[in-house]
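Residue-level structural notes
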Amino acid sequence: MPPRSACSRLGAAVRYLSGKRSSPTVKEIGIYETLPSNSRVFSMIQPTGRIHLGNYLGAVKSWRTLSSTNPESEFIFGIADLHALTVQRPAQQLRDFRYQAIASLLSSGLDADKCILYFQSAVPEHSELNWYLTCITSMGQLNRMAQWKSKAQQAQNSTILDDAVVEATKAGLFCYPALQVADILIYKSTHVPVGDDQAQHLELCRTIARLFNSTYAVDFFPIPETLLTPAKKILSLKNPEKKMSKSDPVQAGCVYVTDTPDEIRRKIRKATTDSVQGQWKFDPVQRPGVSNLINIISGLTDRAIGDVVADLDGLKDHKALKDHVAELIIDEFDEKRQLYDDLLQNKDYLDSVCRKGSDHAREIASANIQQVKHIIGLD
Ligand code: TYM
């Protein structure tokens, strides 16, 4: 049984995600979740450079825990380099970012013998299934997604039907969630661990999987379950209204796995908090900055928020809280940063890991795409 606080957070997440109707397909990941045997767990991360604390606590740490504690399950973790093309950058920068992403995953403790690690662009079946699924996905479904609006810097209540919005939004960005659905379904994945910013895309994935099955009267795609990580959303240190993100123009708000201890101390010391003295409280609405730091401690130490808050009683002021958080992050990342630097010097090794991963991923994907082609009449 998960601890009570985890249960209540699970309840809150489920209500938030499904509008008061509880959904059995969204679950908070317990720290050592036991998955049904033969589960196929899939997730991805974009190669936008080094990974940050949000990616680590919202995704990669749980990938590591799940894959090291569920030997009966299969794990596929990809670097979403096709998704990264929604932002144009120099080719050499993308090459560097791809290496940085795979080095980040390995240095964060993912084991290439227990997981398939690969680049999305090396498995063309993602793009092929993307087209088949785009043909059954309505513009309305894509229009309701929140993420393209924030990435295209449009208001959340805007719609692709507005003249200004349609001109300012690239088709790839608008259709991005359909590719994400194809990523998951090409492997007939059963579980997808993500941070909660991805929950809406996962809901779309279940809708499209059901739609495909009913359109072609088959029971082909499993309906994948979202596994929400306990540290669902890590917020920017400088602006705790927004999530921590690599694209945040205020880089002091984002801590990277590869930051030096001095950089980490500097960023945490400058984190926005509040002037309330004398009592620690987890209250994301009234005290977002302090609550973000508490959430970070909870994610790093695998302890429930309530237990973390109880332990803070010994800390006399905000400076002491920040010092505590900084030292926890430094402890967590110190070895990882050194390993990351070593791995980046060994590109042949990184290439060999990804080659092995993409060969394995392609075996699964090409068998599944043959079946999809048969189902839809393309054989
Ligand atoms: P990306 O690259 O933005 O993020 C990768 C993972 O990190 C989580 N994450 C966070 N969690 C908590 N707090 C934060 N501040 C934070 N920032 C990021 C994300 O929830 C995610 O789990 N579209 C996806 C990549 C993708 C994908 C997929 C994921 C492509 N295809 C299929 C799952 C399944 C993305 O841009 O993630």
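As shown above, the structure is provided for reference.
To start, this report covers the structure provided alongside it. (Residues numbered from 1 in each chain as written. Predicted model: local features only at pLDDT ≥ 70, side-chain atom pairs only at ≥ 80, totals over all residues. Heavy atoms only, no water.)

By the secondary structure assignment, Leu204 is in helix H9 (residues 199-215). Residues Leu204 and Pro90, spaced 114 residues apart in sequence, show a C-alpha to C-alpha distance of 32 Å. Non-local contacts of Leu204, meaning those with residues more than four positions away in its chain, are made with Gln141, Leu142, Met145, Pro177 and Val181. (Helix = DSSP H or I, 4+ residues; strand = E, 2+ residues; numbered from the N terminus. Contact = heavy atoms within 4.5 Å.)

This part covers the packing of aromatic side chains. Here the structure, examined in full by the defined rule, presents nine aromatic pairs. Between Trp148 and Phe174 the ring centres are 5.2 Å apart and the planes differ by 80°, which places this aromatic pair in the edge-to-face class. Note that Trp148 is positioned in helix H6 (residues 147-151) and Phe174 in helix H8 (residues 171-185), a separation of 26 residues in sequence. Accessibility assignment for this pair places Trp148 and Phe174 in one class, buried. An angle of 65° between the planes, with centres 4.9 Å apart, marks the rings of Phe220 and Phe221 as edge-to-face. (Phe/Tyr/Trp six-rings, centres within 6.5 Å; stacked < 30°, edge-to-face > 60°. Buried < 20%, exposed > 50% of the residue type's maximum accessible area, 1.4 Å probe, protein only.)

Here we come to the pattern of salt bridges. With the rule as written, the count across this model stands at 21 salt bridges. The closest approach of N and O atoms between Asp259 and Lys267, which form a salt bridge, is 2.8 Å. In this pair, the class of Asp259 matches that of Lys267, namely buried. With a closest N to O distance of 3.9 Å, Glu332 and Lys336 form a salt bridge. Placement of the pair is Glu332 and Lys336 together in helix H13 (residues 318-344), with a separation of four residues, close to one helical turn. Owing to a relative accessible area of 17%, Glu332 belongs among the buried residues under this scheme. Look at Lys336 and you get buried, because its relative accessible area is 14%. In this structure, a network of salt bridges that share partners links the residues Lys27, Glu33 and Glu225. (Salt bridge = Lys/Arg side-chain N within 4 Å of Asp/Glu carboxyl O.)

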